[in-house]
Amino acid sequence: MSRPPIFVYGTLRPGEPNHDLFLLGHTVSEVPGRLAGAVLYEGPGYPYAVEEPGGMVSGELITPAPERYDQLLLTLDRLEDYAPGDPANLYERVARNVIREDGTSVDAWVYVAAPTVATRLRARGKLIEGGDWRARAC
């Protein structure tokens, strides 16, 4: 994967608080998508995707502008507290297959809960039913 799109499912989605701060003007497309094999848990003001067979998470596939791709990915890594190989990560950036609205699929970067965070969430986290951050009960 050279420069895949990025799947966002929480505060980076269009209309959510971090979208305009980090993505506005830096993308060439933003289309609906679904991540199979994951569920959402509430975090402190943002969600965590936790890999779970049978789950489905709704979000958007963000395609960064080519000239902004590398810098945007570094910015999102910092936002998501992700550093390759760091055991203190809150999220891991992983390549996963995402289904577009038209049924086709594409490999994309996805920030999923790091293993220690995922274990804690599975044990005592609050599941977001339906896998859609926007449809959660507030």
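Check the entry above for the structure.
Just so it is clear, the model here is predicted, and its values are computed rather than measured. (Residues numbered from 1 in each chain as written. Predicted model: local features only at pLDDT ≥ 70, side-chain atom pairs only at ≥ 80, totals over all residues. Heavy atoms only, no water.)

### Observations concerning unusual backbone geometry
So, step 1. A positive phi angle, near 55°, is found at aspartate 81, a position not held by glycine.
So, step 2. Position of aspartate 81 among the secondary structure elements: in the loop between helix H2 (69-79) and strand E4 (91-100). (Helix = DSSP H or I, 4+ residues; strand = E, 2+ residues; numbered from the N terminus.)

### Some details on helix H3 (residues 115-124)
So, step 1. Taken residue by residue, H3 has Val117, Ala118 and Leu121 as its buried positions. Along the axis of H3, the buried residues cluster in a sector spanning 100°; they form a single face. Structural note: H3 exposes Pro115, Thr116, Thr119, Ala123 and Arg124 on the side pointing more than 90 degrees away from its buried face.
So, step 2. Considering only its buried residues, H3 is in contact with strand E2 (27-42), strand E3 (47-64) and strand E5 (105-113). (Buried < 20%, exposed > 50% of the residue type's maximum accessible area, 1.4 Å probe, protein only. Arc of directions from axis to C-beta. Contact = heavy atoms within 4.5 Å.)

### Concerning the packing of aromatic side chains
So, step 1. Counted under the stated rule, the structure contains four aromatic pairs.
So, step 2. Pairing tyrosine 46 with tyrosine 48 gives two aromatic rings, centres 5.6 Å apart and planes at 65°, and the pair type is edge-to-face.
So, step 3. Since its relative accessible area comes to 25%, tyrosine 46 is described here as partly exposed.
So, step 4. Here tyrosine 48 and tyrosine 91 contribute two aromatic rings whose centre-to-centre distance is 4.8 Å and whose plane-to-plane angle is 25°, an arrangement assigned as stacked. Separated by 43 residues along the polypeptide, tyrosine 48 in strand E3 and tyrosine 91 in strand E4 bring together distant segments of the chain. Each member of the pair, tyrosine 48 as well as tyrosine 91, is classed as buried.
So, step 5. Taken together through their ring pairs, the aromatic side chains of Tyr46, Tyr48 and Tyr91 make up a single cluster. (Phe/Tyr/Trp six-rings, centres within 6.5 Å; stacked < 30°, edge-to-face > 60°.)

### Some words on the nonpolar core
So, step 1. In this structure, Phe7 and Tyr9 are the most contacted members of the largest nonpolar core, which totals 37 residues.
So, step 2. Elements that contribute at least two residues to this core include exactly strand E1 (6-8), E2, E3, H2, E4, E5 and H3.
So, step 3. If one sorts the elements of this core by residue count, E5 sits on top with seven residues.
So, step 4. Here phenylalanine 7 is in contact with Gly33, Arg34, Leu35, Val57, Ser58, Gly59, Glu60, Leu61, Val98, Ala108, Trp109 and Val110, once residues within four sequence places are set aside. (Core = buried A, V, L, I, M, F, W, Y, C linked by side-chain atoms within 4.5 Å.)

### Brief notes about H2
So, step 1. For H2, the set of buried residues is Tyr69, Leu72, Leu73, Thr75, Leu76 and Asp77.
So, step 2. In this fold, the buried residues of H2 make contact with E1, helix H1 (17-22), E3, E4 and E5.
So, step 3. Looking one or two residues beyond H2, the residue adopting positive phi is aspartate 81, at roughly 55°.

### Some points on the pairing of E5
Look at any regular strand and the pattern is simple: side chains alternate between the two faces of the sheet.
So, step 1. Summarising burial for E5: seven of the nine residues are buried, a large majority.
So, step 2. Note: E1 against E5, two bridges, orientation parallel. Each bridged residue has a counterpart across the sheet, and for phenylalanine 7 the counterpart in E5 is valine 110.
So, step 3. As paired elements, E4 and E5 share nine bridges and run antiparallel to each other. Bridged to tyrosine 91 within E5 is alanine 113.
So, step 4. Counted along the chain from E4 to the antiparallel partner E5, the turn is four residues long, and its residue glycine 103 has a positive phi close to 95°. (Pairing = 2+ DSSP bridges.)

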